[in-house]
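Secondary and tertiary structure notes
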Amino acid sequence: MMGDLMLLVWLRWRHARGRADYWAALAGADLGSASVGERTYLIYLAVLFGAWFVAMIAAAASGAMGMGASLGESMRPAVVSLAFVVPSLLVGTLGFRALRSSPVKLTFPDIAYVGASALDRRAVALSSCLREVIPATLAAVPLSYLAGSVAVGMGSPQTAAGSTAVVGALLVSAVFLLAWAAGLARIRIGSRAWRSMSWVAAPLVALAILLPPAATRWPGTALVIALDGAPVAGHVLALLVVIVIGVWLVVVAASKMDMVAVIDESALYAQLEVFRPLQRYDAGAYGDIVRRKRLAARRPMWHLPSGSGTWALVARALVSHVRQPGSLVWPVLWGAAVLPYVVVTVVHPPGLLAYFPPVFFFVVGPSRQLLHVFQQDIDRPSLREVLPFNNLSLLLVDSAPVLAITAAASAVVMGLQAMSSEQRVLGALLCLMLGTIVVTCRGLERLTLPRMRAPIGYGISATISVCIVLYAGAAGSLWLACAAAVAIVVLLGFMVRFARE
Amino acid sequence: MTIEAQTSTLMMRGVSFSYAQATVLRDVNLSVAAGEIAVLIGRNGAGKSTLLRCAAGWSSPREGRVEVLGQPFGEADRQLRRELVLVTDTPPFYDDLTAREHVSFVLRANHLGQRETEAERLLDAFGLGNAADAYPSTFSRGMRYKLALVLALALRPRLLLLDEPFGPIDPVSARELWLELRALASAGGSVLLSSHQLPEGAAPDRFFVLDGGTIVDEGPWAGLGIDCATTLDGLPRSALESAESPA
């Protein structure tokens, strides 16, 4: 097995070097050159970026401590609850991912030359597993350190940051390994009967380690102790034992791994791998490809409801969302979190600097995903031509399900706010208007106004719109903010109506 | 049952396969004996590539049984994988390995490092000797296919599955490939290839006609008395007509 493992490590190292070549070239360096000047430049780059990274982490840690100090001791119970939720979330998501389809993912060349070769299955699984576990563990170190820094700001000893970094990283590593072992056990030879439903185990285990008794809540307890700055040597040792057991389980489970299932379940990953470089240049376009490929791999659900004219468009939009249930996450996210956050800022105007976060989330939030139905209509001229609707009607009707879900989620969240009834109603209305602004600004980005050469970017139109609403809220009242939002919606509506594709 | 005891290298019994929306193979029965070259003929979309993927253990049939050298894919997976190779119609390659590094990696992955000399001979025979230190991404489609053939032939598999091998390559290389396939078959190997054309003078041992996911005709090639280079296209048509005509 070790010989095969070394061969695969060599292969993955070559891939990593290929990616490093790309990033080095961006910094003007040539990894292939052996000249002294080039080597010196590489060392200079390494030192420069290393120092930059350390400085950034130090600055972020200082900010995290400041945040902890501003939250104060009273928020400690909330942080403790969060510490119990994190391992549970990790187990739930990683377990679900590993149990839903093979954790070993092969690209097309991997299928041909690794999956279909005589390489030891354990080596194939272990090399794939380590390729995922090592970067995740490394990423967990600074993130856990920052979480520990928040605790330090709240009054924990200075050692809490380091302890949390160690415990957090080991915890991530252990959960990854155990999830992999479970995923590999699922695809062992002759286990097909229960494969499709095995993912149910992930949320159940996640729930088990979230709820009492104390013994099952150990991962969260270890994290809480680290955040408190108490000695964690015993927990670190226990986590190391779990990691060793995890590696052993991965190797044992991989010895019976069904390579046909691995190749079968890698099909979508292999197709997407071809497009992955596009992610660097146009994440939205890559996201579209992922969506299409996932959709193509599923059996079509639901039939197109009957209806003509506008109702046919609504029916099409509904079918599109039902067949891609993941698309419904985004309107819920906007309606339940981003829009109420902006409205709460309007209701309780903070200092000038505190306006930055709501503007940031409103502009940078995942708004592109809200518009995938309209985008399909606009991006395909042959399709657009056969739809007898102006751009505004098309945009609003295509987005009707999204706006309805956003409005419903906002209404629920606003109803839970500690505000007067009038503020709740106006808040829900403002959420609806802001949701419509997001959709129309995104739609406007796909269109060009008369006498303009290029479309108005979402960043510009959304920033101006939300700033006007926030300013109106700060200057007057929620009523004024609502009136401003309605005026913006009307203006944007006119712009969309008279813009061309 | 030992691997050596088998005479039928590939056996498919009652194989059906579906993608998410469509049934691609229906109750396919097929066997290829040791030392035999069989050709799989059929129209585009007939299910040839899917059949080859099922035979190679790259896809799992919904129903039926696939046996290679008398064994199903499963416990003996690794042993079987050493004995069979599938070359797809658009063979994939790693972006960051040269052609020669691909050869070296594939041989080492199959614990056959001693065959590098043979692989070098094949590279030269297919006209890739001078391009062996370049990345396959710089190759033409034909060169990429020839590299995949070199990788496959260097392994000397007991069962070689080729998807449309003669389409992308030049006539000289096609002739060379046919000689290599014949040599492999003479040494006891089996070849199942899907193709719309064969090199001039090439005569396989058996043929299978696939249509709509079903084998509609099969038999020995000898005795057909046809010049395959000119009439191969007509074979599926005549098989379909005979299958549709009332008994």
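Residues numbered from 1 in each chain as written. Chains lettered and ligands numbered in written order. Predicted model: local features only at pLDDT ≥ 70, side-chain atom pairs only at ≥ 80, totals over all residues.

Attention now goes to the overall build of chain A. Regarding its fold elements, chain A presents 23 helices and 0 strands. Computed over its C-alpha atoms, the radius of gyration of chain A comes to 26 Å, within 12% of the 23 Å expected for a compact globule of 501 residues. On the principal axes, the C-alpha backbone points of chain A span a range of 65 × 60 × 55 Å. Taken across its 501 residues, chain A has 38% of its residues classed as buried. Here the contacts in chain A between residues at least 6 apart in sequence split such that 76% fall between residues at least 24 apart. (Helix = DSSP H or I, 4+ residues; strand = E, 2+ residues; numbered from the N terminus. Rg over C-alpha atoms; globule rule 2.2 N^0.38 Å. Buried ≥ 20, exposed ≤ 12 C-beta atoms within 10 Å, placed from the backbone. Contact = placed C-beta atoms within 7 Å.)

Taken together, the contacts link 28 residues of chain B with 26 residues of chain A. For the side of chain B that touches chain A, the elements supplying multiple residues, two or more each, are helix 2 (77-83) and helix 3 (99-109) of chain B. Counted by class, the side of chain B that touches chain A contains 13 nonpolar, 7 polar and 8 charged residues. (Nonpolar A, V, L, I, M, F, W, Y, C, P; charged D, E, K, R; others polar.)

This brings us to the environment of Glu-132 of chain A. Topologically, Glu-132 of chain A is positioned in helix 5 (residues 121-153). In this structure, the C-alpha to C-alpha distance between Glu-132 of chain A and Trp-180 of chain A, residues 48 residues apart in sequence, is 10.0 Å.

Residues and elements named next belong to chain B. Confidence in the prediction for chain B averages 83 pLDDT; 85% of positions are at 70 or higher. Predicted confidence in chain B is weakest over helix 7 (residues 228-231), with a mean pLDDT of 48, and strongest over strand 8 (residues 190-194), with 94. This model gives residues 1-6 a pLDDT under 50, and the stretch forms 6 contacts once residues within four places in sequence are excluded. For this predicted complex, the interface score ipTM comes out at 0.72, while the overall pTM is 0.73. (pLDDT = per-residue confidence, 0-100.)

The next thing to look at is the packing of helix 11 (residues 267-275) of chain A against helix 13 (residues 283-296) of chain A. Residues and elements named next belong to chain A. Between helix 11 and helix 13, the least distance of the axes is 10 Å, while the angle of their chain directions is 160°. The angle between helix 11 and helix 13 places the two elements in the roughly antiparallel class. Once helix 11 is placed against helix 13, the crossing between them reads as right-handed. When helix 11 is examined against helix 13, the residues Leu-268, Gln-271, Leu-272 and Phe-275 are found in contact with a partner set consisting of Tyr-286, Ile-289, Val-290, Lys-293 and Arg-294. Broken down by class, the residue content of the contact of helix 11 with helix 13 amounts to 6 nonpolar, 1 polar and 2 charged. (Axes fitted to C-alpha atoms, helices over the stretch in contact; angles between N-to-C directions. Parallel < 35°, antiparallel > 145°, perpendicular 65-115°, else oblique. Left-handed = near helix turned anticlockwise from the far one by under 90°.)

Moving on: the packing of helix 16 (residues 356-364) of chain A against helix 22 (residues 458-475) of chain A. The geometry of a pair of packed helices is captured by two quantities: the angle between their axes and the separation between those axes. All names here are of chain A. Direction vectors running N to C along helix 16 and helix 22 enclose 145°, while the axes themselves pass 9 Å from each other. Between helix 16 and helix 22 lies a crossing of right-handed hand. Between helix 16 and helix 22, the residues in contact are Pro-358, Val-359, Phe-362 and Val-363 and Gly-459, Ala-462, Thr-463, Val-466, Cys-467 and Leu-470, respectively. Across the contact of helix 16 with helix 22, the residue classes break down as 8 nonpolar, 2 polar and no charged.

Looking now at the sheet that holds strand 1 (residues 8-18) of chain B. All names here are of chain B. One open sheet accounts for 4 strands, arranged 2-1-4-5; its pairing is antiparallel. Across the chains shown, the open sheet's two edge strands, defined by having one partner strand only, are strand 2 (23-33) and strand 5 (71-72). Relative to strand 5, strand 4 (residues 63-68) runs antiparallel, the two being bridged by 2 bridges. Looking at the pairing, Glu-67 lines up with Pro-72 of strand 5. (Pairing = 2+ DSSP bridges.)

Moving on, we get to the sheet that holds strand 10 (residues 214-220) of chain B. All names here are of chain B. Across the sheet, 6 strands lie side by side as 6-7-8-3-9-10; this open sheet has mixed pairing. Either end of the sheet is taken by a strand with one partner, and the two such strands are strand 6 (84-87) and strand 10. On average, each strand axis in the sheet is inclined to that of its neighbour by 15°, with strand direction left out of account. Looking at chain direction, strand 3 (residues 37-42) and strand 9 (residues 206-211) are connected through 5 bridges and run parallel. Each bridged residue has a counterpart across the sheet, and for Ile-41 the counterpart in strand 9 is Val-209. Strands strand 3, strand 7 (159-163) and strand 8 of the sheet are contacted by helix 6 (residues 171-186), whose axis makes an angle of about 145° with strand 8.

Looking at chain A, the domain boundaries give domain 1 (2-265) and domain 2 (310-498). Here domain 1 of chain A and domain 2 of chain A have C-alpha centroids that lie 36 Å from each other. (Domains from an automatic or database assignment.)

Looking now at helix 6 of chain B. All names here are of chain B. Counted at 1.5 Å a residue, the expected span for helix 6 with its 16 residues is 22 Å, and the 22 Å between its end C-alpha atoms agrees. Where helix 6 is concerned, the buried positions are Ser-173, Ala-174, Leu-177, Trp-178, Leu-181 and Leu-184. Taken down its axis, helix 6 places every buried residue within 145° of arc, on the same side. Residues of helix 6 that are exposed and angled more than 90 degrees away from the buried face: Val-172, Ala-183 and Ser-186. Each element contacted by the buried residues of helix 6 is listed here: strand 3, helix 5 (141-154), strand 7 and strand 8. At the C-terminal side of helix 6, Gly-188 shows a positive phi close to 100°. (Expected span 1.5 Å × (residues − 1). Arc of directions from axis to C-beta.)

Successive residues of a regular strand alternate their side chains across the two faces of the sheet. All names here are of chain B. In terms of residue burial, strand 9 counts as a mostly covered element, since 5 of its 6 residues are buried. Here strand 9 runs beside strand 10; their pairing, made up of 6 bridges, is antiparallel. Its bridge partner lying in strand 10, Phe-208 is registered against Glu-218. Hairpin connection of strand 9 to strand 10: 2 residues between the antiparallel strands, including Gly-212 at a positive phi of 55°.

This next bit is on the environment of Ala-475 of chain A. Residue and element names in this part refer to chain A. Here Ala-475 is to be found in helix 22. A count of 11 C-beta atoms within 10 Å places Ala-475 in the exposed class. Between the C-alpha atom of Ala-475 and that of Ser-461, which follows or precedes it by 14 residues, the distance is 21 Å.

As a further point, take helix 5 of chain A. All names here are of chain A. With 33 residues, helix 5 should reach 48 Å at 1.5 Å per residue; the first-to-last C-alpha distance of 48 Å fits that figure. The largest bend in helix 5 is about 25°, located at Val-141, with the proline Pro-142 one to four residues further on. Remark: Gly-155 follows helix 5 within two positions and exhibits a positive phi of approximately 120°. (Bend = angle between axes of the 7 residues up to and from the residue.)

Let's shift gears to the environment of Val-28 of chain B. Residues and elements named next belong to chain B. Here Val-28 lies in strand 2. Under the C-beta neighbour-count criterion, Val-28 is labelled buried, with 25 such atoms within 10 Å. The sequence separation of Val-28 and Ser-190 amounts to 162 residues, and the corresponding C-alpha distance is 19 Å. Apart from residues lying up to four places away in sequence, Val-28 is in contact with Met-12, Val-15, Leu-51, Thr-214 and Ile-215.

Turning to the nonpolar core, a few remarks are in order. Membership of the largest hydrophobic core comes to 150 residues, with the highest contact counts inside it found for Val-175 and Val-250 of chain A together with Ala-55, Val-150 and Leu-161 of chain B. A per-element tally of this core places helix 6 (residues 159-186) of chain A first, with 19 residues. (Core = buried A, V, L, I, M, F, W, Y, C linked by C-beta atoms within 7 Å.)

Residue and element names in this part refer to chain B. Here the phi dihedral of Leu-69 falls at roughly 55°; this positive angle occurs in a residue that is not glycine. Tracing the chain through its elements places Leu-69 in the loop between strand 4 and strand 5. Here Glu-164, not a glycine, exhibits a phi torsion of approximately 50°, which is positive. Structurally, the position occupied by Glu-164 is in the loop between strand 7 and helix 6. Exposure remark for Glu-164: the 19 C-beta atoms within 10 Å place this residue in the partly exposed category.

Residue and element names in this part refer to chain B. Among the 6 residues of strand 3, 6 are classified as buried, and the element is accordingly described as predominantly covered. Residues Ile-37, Val-39 and Ile-41 line one face of strand 3 and the alternating positions Ala-38, Leu-40 and Gly-42 line the opposite face, and both faces are buried. With 4 bridges connecting them, strand 3 and strand 8 associate as parallel partners. Bridge pairing in strand 8 places Leu-40 opposite Ser-194.

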